[in-house]
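Structural overview
As a plain string of letters, each chain reads:
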Amino acid sequence: MELNWVAFTLCISLILIKGESSFVTTATKNEICKASRIEEEQCGSYAYKAIKPLLIYMELMRTEVENHDNITSIKNSEIEKQQLKISQLELELREQINKGMISSKDNELKQLQQKLDQKNECETRIEKLKNYNNRTAGQDPEIKELLKKLVDQNENVDAIKSKEFQKQLEEHKKSIEEKNQQISKLQNDVKQCVMKLEDPKQKPIISCTSFGDVPGAHQTNFSNYSFDVLCDTETAGPGWTVIQQRIDGKEDFNRSWTTYRKGFGSFDGDFFLGLEKIHRLTSYKPHELYIHLEHFNGDTEYARYQQFAIAGESDEYQLSISGLGGNVTDMMSQFNNQKFSTYDRDNNGRNDVNCALENLGGWWYPAFCGWGSLNSKYYDSHDDGQYDGIPGLNPVKNVRMLIRPT
C-alpha cells in the first residue's frame, strides 16, 4: 500500500515537472520527452493501481446515488398520490360539511314552518270557536231543550230495552223451568219403571215423600187415580206437595166452580192444584199444611197446621184445619168447617153477599167473608194494597200452600 502511494506521489511530481518544462529549450524538451514517456508509462501503471480502489468506491457511490434518486423519485410519486388523496378527502369533507349545514338549516326551517303552521291553525280554531260561541250564544235554550229531549229519548230507549231484556229473561226462565219439569218427569218415570221392575206389587204414590229430595213435577198413583203434582224440597224441607202457588199475578183466580174442581194454571207460574185432587190426597192419608208468605218489603212469614183436609164435592169441599204453628197470625182457623165458594156457587151462608164475587177468588169463606183469603185479587206492589188483597192491607208478593202426609 505504501508503494502505491509512492508511485502516486511520483506521478504527481512528474506532472508538475512537465508543467515547468515549458521554460526550457526545445532540444532539452525532446530529451526530456523521451525520458518522460518511459516515466509516464511506469507512472500510469502505478497510478492506476493506486486509484483503482478510489474508482471502485466512486462507482459504488454513483450507483448508490442513482438508486437513491430512483427511491426519492418513487417516494415523491407516492407523496404526490397521498397529497392528491388528501386533497380529494378535504374536498369531500368540505362538501359533506356544506351539505350537513344546509340539511341542518333545512330542518330548522321545516321545524319553524311547522310551528308557524300550528300557530296559524290554533289561531284559526280559536277564531272559529269564537265565531261558534257568538252564533250559539243565543241558541242555548234551544240546545238545552234538544239535549233534554235526547236524554228523555235515551231513557225511553233504555226502558224499552230493559223491558225487552226482562221479557227475554222471563221466557228463558220459563223455558228452563219447562225443561226442568220435563227432566223431573222423566226421572220420575224412570223411578216408577224401576219400582215396577223391582216390586210387581207397586206401592201407591200419594205424595212427594216418595221422591225424596228431587223437586219438580212428579206423578202420583193411588186408588186407580193418577195425576201430576209439583214437589217442593226448598221451602220447608223434602216431601211437600204444592197445592196452590201465586208468584206473578198473571193467572186469574176468579174462576168457576168447575175450574176450581179440576184445577188451573201451570207449575212454572200461578196455579191451583184442584179441589178434587186435594180431597183425594187428604182423604187417603192424614196431611199437614204449610203456608209460605213473602211480602213486597222482603219480609217472610209462615204458618204450619198439623191437620189439614177437605171433604168431597158432595160436601162442597168443606175445610178441616187445626194445630197452628209458625210466626204469622192465625188466619186459617176462621175458615175451619167452611164450604168452598166461587162466584157461580155461593156457600158462605148469606144470601145478600157473595164473598167469592166480592174478593175476586174462590175460597172457604165464612158468613162475614173474613180476611186473608189466599185466592183473592193479586196486587203488583205494596202501594196497591186493598181489603180484597192477599191478605188484606199487607199484600203478598209470593204465596205457596204445601201439604205433606203426617
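Further up the page is the structure itself.
Just so it is clear, the structure is predicted and the values come from calculations on it, not from any experiment. (Residues numbered from 1 in each chain as written. Predicted model: local features only at pLDDT ≥ 70, side-chain atom pairs only at ≥ 80, totals over all residues. Heavy atoms only, no water.)

**Re the nonpolar core**
- Of all hydrophobic cores here, the largest spans 53 residues; its most connected members are Leu289, Ile291, Phe308 and Met332.
- For Met332, the residues in contact, after removing those within four places along its chain, are Leu289, Ile291, Tyr305, Leu319, Ile321 and Trp363. (Core = buried A, V, L, I, M, F, W, Y, C linked by side-chain atoms within 4.5 Å. Buried < 20%, exposed > 50% of the residue type's maximum accessible area, 1.4 Å probe, protein only. Contact = heavy atoms within 4.5 Å.)

**Some words on the packing of aromatic side chains**
- Scanning the entire structure with this criterion turns up 17 aromatic pairs.
- Measuring from ring centre to ring centre gives 5.2 Å for Tyr260 and Phe272, while their planes differ by 70°; the resulting arrangement is edge-to-face. Here the residue Tyr260 occupies a position in helix α4 (residues 257–262), and Phe272 occupies one in strand β5 (residues 271–272), the gap between them amounting to 12 residues.
- Each ring, one from Trp363 and one from Trp364, has its centre 5.1 Å from the other, and the planes form 65°; the classification is edge-to-face. (Phe/Tyr/Trp six-rings, centres within 6.5 Å; stacked < 30°, edge-to-face > 60°. Helix = DSSP H or I, 4+ residues; strand = E, 2+ residues; numbered from the N terminus.)

**Concerning unusual backbone geometry**
- Of note in this structure, Glu316 is not a glycine but carries a positive phi near 60°.
- Structurally, Glu316 is set in the loop between β7 (300–310) and β8 (319–326).
- A residue is classified by how much of its surface remains accessible, and Glu316, at 18% relative accessible area, is buried.
- Of note, Cys369 is a non-glycine position whose phi angle comes to about 75°, a positive value.
- If you trace the backbone, Cys369 turns up in the loop between α6 (355–359) and β9 (396–405).
- The class of Cys369 is buried, set by a relative accessible area of 11%.

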